[in-house]
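Results of the structural survey
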Amino acid sequence: MSLFNRNDGMNYAPVSIVKPSPVCGPGEFVFAAMALDHGHIYGMTNGLLEAGGTIKWVYDADPAKVEAFRKSFPQAQAAPSPEAILEDSEVRLVAAAAVPSERGALGVKVMNHGKDYFTDKTPFTTLEQLEAAKAAAASTGRKYMVYYSERLHVESAIYAGKLIQDGAIGRVLQVLGTGPHRLNKASRPDWFFRKEQYGGILCDIGSHQIEQFLSFAGCKDATVAHSKVANYSNPDYPELEDFGDATLVGDNGATNYFRVDWFTPNGLGTWGDGRTTILGTDGYIELRKYIDVGREKSGDHVYLVNHEGEHHLTVGGQIGFPFFGELILDCLNRTENAMTQAHAFKAAELCLLAQNKAIRI
């Protein structure tokens, strides 16, 4: 079945894909938020709420962060301590966006309290943290899920996955990814510039790129062929890496190259011109996720070229974000439809390996 319909000229629109509806009623899936160190916690929370989740608690050691969070989500009660959340039997899942180096230990603690864990990326900064989380997940049967937002919370990326599943470009041979971000140096917390805490650029924002490669190419594993990092332009923060790239080879022969950096110029109308190009045996897809430079300020542009012709699809507001409902149902039913635990851990492992073997320029 084709996933697009002709409008006019070279422009196409997606066929009517039903946007996800809430998968449960109020109170049927209760979750909490804690460790509000990264703004991604807002997207994580909103995604769960839209899917039918009910937020009960929020906790952070900084009362100002809790107050700001409750302005967006006033239904969340301010928890007096982490234990108030961890010991509440009604809470099924804890969503958290801690300092990256602290995410693994927090996840182990959450799982050991019998709850599923949903963390911001990157989920770990060391392989030792990864192994501890694997052991805890295996022993407790709880989930350690990761917010790889550049695929899971971007409609053009979700739609690309549907096109690939539908055979629109044949077998995927290569995925190219660029993940530039704006530095906003003055507003960053101290941990952002400390290598031990943020993990390195390939470990951090590179985790998005590796996860989407595994997903789009259908790989269960990959090897890191080459990786590089640099601090080209921030000598005042010597531990910051402002550039990184890597090449991977998947277990099915597909290849990946990605580049991540902190060099988004001030003139761009968004925080980063994230793009992905997916080459298949019968065509290719380009995603302009957040902006179509010089043309439109909107994002979620999908360019598809295959044997049927050239297609431009704009999918913003039309696809929705099925991951969150699938995650809730996985937690309720103990299934693995949103993301397998093996996939979440493999993407994390590969970004750590890419970081560890990187040549410093």
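Each remark here, short or long, concerns the structure printed above.
In what follows, the accompanying structure is described.

Calculation rules
- In this numbering scheme, every chain counts its residues from 1 along its sequence in written order.
- Where totals are concerned, whole chains, interfaces and linings use all residues; where local detail is concerned, this predicted model gives features only for residues with pLDDT of at least 70, and gives and counts side-chain atom pairs only at 80 or more.
- Hydrogens are left out, water is left out, and the side-chain values use all remaining heavy atoms of the structure.
- Under this scheme, a helix contributes an axis fitted over its contacting stretch, all axes are lines through C-alpha atoms, and angles between N-to-C directions fall in the 0 to 180 degree range.
- For helices the rule is a DSSP run of H or I covering at least 4 residues; for strands it is a run of E covering at least 2, with both sets numbered from the N terminus onward.
- Oblique is the label for any angle not under 35 degrees, not over 145, and not in the 65 to 115 range, which are roughly parallel, roughly antiparallel and roughly perpendicular in turn.
- Each helix crossing is assigned a hand: it is left-handed if the near helix lies turned anticlockwise from the far helix by less than a right angle, otherwise right-handed if that turn is clockwise.
- Residue contacts are defined here by distance: any two heavy atoms, one from each residue, within 4.5 Å place the two residues in contact.
- Take the buried residues of types Ala, Val, Leu, Ile, Met, Phe, Trp, Tyr and Cys, join any two whose side-chain atoms come within 4.5 Å, and each joined set is a nonpolar core.
- Relative accessibility decides the category of a residue: with a 1.4 Å probe and only protein chains considered, values under 20% of the type maximum give buried, values over 50% give exposed, and everything between is partly exposed.
- The source of the domain bounds is an automatic or database domain assignment.
- Residues adjacent in sequence count toward polar contacts only when both atoms are side-chain atoms; beyond that, a polar contact is any pair of N or O atoms within 3.5 Å, and within protein one must be able to donate a hydrogen and the other to accept it.
- When DSSP finds two or more bridges between a pair of strands, those strands are recorded as paired.

**Here's the deal with the packing of helix α9 (residues 206–217) against helix α11 (residues 341–356)**
At a minimum axis distance of 9 Å, the contact between α9 and α11 shows a crossing angle of 130°. Considering their axes alone, α9 and α11 lie oblique with respect to each other. For the pair α9 and α11, the sense of crossing is right-handed. Contact residues: S207, I210, E211, L214 and S215 in α9; H343, K346, A347, L350, C351 and A354 in α11.

**Looking at the nonpolar core**
F118 and I285 are the most contacted members of the largest nonpolar core, which has 110 residues in total. At eight residues, the largest contribution of residues to this core is made by α11. Summarising the domain contributions, this core has at least three residues from each of domain 1 (9–150 + 330–335) and domain 2 (155–321 + 352–360). When near neighbours in sequence (up to four residues on either side) are disregarded, I285 contacts A160, L163, I164, I169, T276, T277, I278, V302, Y303 and L304.

**Details of the environment of R288**
Tracing the chain through its elements places R288 in strand β14 (residues 283–288). Distance from R288 to D273, taken between C-alpha atoms, is 7.3 Å for residues 15 residues apart in sequence. Among residues more than four places away in sequence, those in contact with R288 are G274, R275, G299, D300, H301 and Y303. Within the local environment of R288, its side chain forms a polar contact with the side chain of E286, the two groups lying 3.0 Å apart.

**Description of the pairing of strand β10 (residues 222–230)**
Bridging between β10 and strand β11 (residues 243–250) involves eight bridges; their strand directions are antiparallel. In the sheet register, S227 faces β11, and the bridge partner there is A246. Sheet analysis places β10 next to strand β17 (residues 359–360), joined by two bridges and oriented parallel. Within the sheet, the bridge partner assigned to V229 lies in β17 and is R360.

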